[in-house]
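Architecture and fold: a report
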Amino acid sequence: MEILEKDEYYMELALKEAEKAAAIGEVPIGAVLVKDDQILARAYNLRETEQRAVAHAELLAIDQACKETDAWRLEGTTLYVTLEPCAMCSGAIVLSRVDRVVYGAADPKGGCAGTLMNLLQEDRFNHQCEVVSGVKEEECGKILSSFFKNLRDRKRKEKEERKKEL
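Residues numbered from 1 in each chain as written. Predicted model: local features only at pLDDT ≥ 70, side-chain atom pairs only at ≥ 80, totals over all residues. Heavy atoms only, no water.

What counts, and what does not: UniProt positions are given in the numbering used here, feature names are shortened, and annotations may be inferred rather than shown by experiment.
An unreviewed UniProt entry annotates the chain as tRNA-specific adenosine deaminase originating from Fictibacillus barbaricus. Recorded in UniProt under Sequence similarities (unreviewed entry), the annotation for the chain is "Belongs to the cytidine and deoxycytidylate deaminase family. ADAT2 subfamily." According to its UniProt record, the chain has this under Subunit (unreviewed entry): "Homodimer."

1. Details of the overall build of the chain
The following threshold applies: By definition, any uninterrupted DSSP run of H or I lasting at least four residues is a helix, any uninterrupted run of E lasting at least two residues is a strand, and each is numbered from the N terminus. Throughout, the radius of gyration refers to the C-alpha atoms, and the reference size of a globule is 2.2 Å times the residue count to the power 0.38. Each residue's exposure class comes from its accessible area (1.4 Å probe, protein chains only) as a fraction of the maximum for that residue type: buried when under 20%, exposed when over 50%, partly exposed otherwise. In this analysis, two residues are considered to be in contact whenever any of their non-hydrogen atoms come within 4.5 Å of each other.
Each helix and strand counted, the chain has five helices and five strands in total. Counted from the first residue to the last, the chain has its helices and strands arranged as α-β-β-α-α-β-α-β-β-α. In terms of overall size, the chain behaves like a compact globule, its C-alpha atoms giving a radius of gyration of 17 Å where 166 residues would be expected to give roughly 15 Å. By principal-axis analysis of the C-alpha atoms, the chain measures approximately 60 × 30 × 30 Å. Going through the 166 residues of the chain one by one, you find that 46% of them count as buried. The long-range share in the chain, meaning contacts at least 24 apart out of those at least 6 apart in sequence, stands at 58%.

2. Some remarks on the UniProt feature "domain: CMP/dCMP-type deaminase" (unreviewed entry) in the chain
Summarizing the sequence annotation, UniProt attributes the feature "domain: CMP/dCMP-type deaminase" (unreviewed entry) to residues 5-123 in the numbering used throughout. With 38% helix and 22% strand, residues 5-123 has its two end C-alpha atoms placed 28 Å apart.

3. Observations concerning the environment of Phe147
With respect to the element layout, Phe147 can be found in helix H5 (residues 137-165). Separated by 122 residues in sequence, Phe147 and Gly25 place their C-alpha atoms 8.6 Å apart. Look past the residues within four positions of Phe147 in its chain and what remains in contact with it is Gly25, Glu26, Val27 and Pro28.

4. Focus: the pattern of salt bridges
For the record, the criterion: For salt bridges, the criterion is a side-chain nitrogen of Lys or Arg within 4 Å of an Asp or Glu carboxyl oxygen.
Tallied over the full model, the rule gives 11 salt bridges. A salt bridge links Glu122 to Arg124; the nearest nitrogen and oxygen atoms lie 2.7 Å apart. The buried category is assigned to Glu122, whose relative accessible area is 19%. Across the pair Lys149 and Asp153 runs a salt bridge, and its minimum N-O distance is 2.8 Å. Of the two residues, Lys149 and Asp153 both sit in helix H5, four residues apart, roughly one turn of that helix. The partly exposed category is assigned to Lys149, whose relative accessible area is 44%. Residues joined by salt bridges that share partners form a network here, namely Asp7, Arg100 and Glu130.

This is the structure:
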């Protein structure tokens, strides 16, 4: 699918949401939901902060947009997300009738928008989404890999400090 000029702009906004997540120790994933060039919702992961399995950026953005529009059908919208949606988020995207999903980095361990499977374009469902991948892929991948490298380094350091205490 074709990458539009505005896709890079909105993905940049999703990256800013991801940075907010990283700043509070969350996995840095951000999402922005747009309709007719109007932002309906912005969100970032809060799974660790809230200890809720469903507090993914995409689900939080969908929920916020439903409240904003007073409707569960989000037809005519585009969801921008920095990481390929998982199965749970892909299901919510399909069920809320989002028309288009634009993501940055592929998720080799959980991606369900083309990597492991493609739930967003599964023709057995009554709704399919246009999927555009790789928008600002390098930047989206870099914020994630940097976060996980820092996490591993911090855990390694904590382990070494515990050994010294014994």
